[in-house]
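Coordinates in review
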Amino acid sequence: MPQRSTVEVDGPAIRTIRKRRGLDMNTLANQVGITTNYLSRIETGTRRRVRPSVYAALRQHLGVNPDEILAPSEARTQRT
């Protein structure tokens, strides 16, 4: 199966998990290797699709399972 060029994420879920973990936007953005502005666009849903490497870094630094930050439609696609 070919690797996707982008992954659709659930921005509000990312924001909720980030806050629950006690991380501010600047800290998470630095850990992931993106700008705070880019993270803000992801969390607000302005930017829904991210590179697989950004998705993987978000998962790693938030400590979540694969489906927890995927958009619902993307999660269904990943399971099939």
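1. With respect to the side chain of Glu43
- Relative to the helices and strands, Glu43 resides in helix 3 (residues 36-44).
- Side chain to side chain, Glu43 and Arg15 meet in a polar contact 3.1 Å long.
- A distance of 2.6 Å separates polar atoms of two side chains, one belonging to Glu43 and the other to Arg18.

2. Re the pattern of salt bridges
- For the structure on display, the rule yields three salt bridges.
- For the salt bridge of Arg18 with Glu43, the shortest nitrogen-to-oxygen distance reads 2.6 Å. Of the two residues, Arg18 is situated in helix 1 (residues 11-20) and Glu43 in helix 3; the sequence distance between them amounts to 25 residues.
- Judged by relative accessible area, Arg18 falls into the buried class, the value being 5%.

3. Some thoughts on helix 2 (residues 25-32)
- Buried within helix 2 we find Met25, Leu28, Ala29 and Val32. Seen end-on, helix 2 carries its buried residues on one side only, within an arc spanning 100°.
- If you follow the buried residues of helix 2, they end up packed against helix 1, helix 3 and helix 4 (52-62).
- Where helix 2 starts, the residue carrying a side-chain oxygen 3.2 Å from the main-chain nitrogen of Asn26 turns out to be Asp24.
- One or two steps after helix 2, the chain reaches Gly33, where phi turns positive at roughly 90°.

Reading the values: rules and limits
- Residues numbered from 1 in each chain as written.
- Predicted model: local features only at pLDDT ≥ 70, side-chain atom pairs only at ≥ 80, totals over all residues.
- Heavy atoms only, no water.
- Helix = DSSP H or I, 4+ residues; strand = E, 2+ residues; numbered from the N terminus.
- Polar contact = N/O pair within 3.5 Å; in protein donor to acceptor, adjacent residues only side chain to side chain.
- Salt bridge = Lys/Arg side-chain N within 4 Å of Asp/Glu carboxyl O.
- Buried < 20%, exposed > 50% of the residue type's maximum accessible area, 1.4 Å probe, protein only.
- Arc of directions from axis to C-beta.
- Contact = heavy atoms within 4.5 Å.

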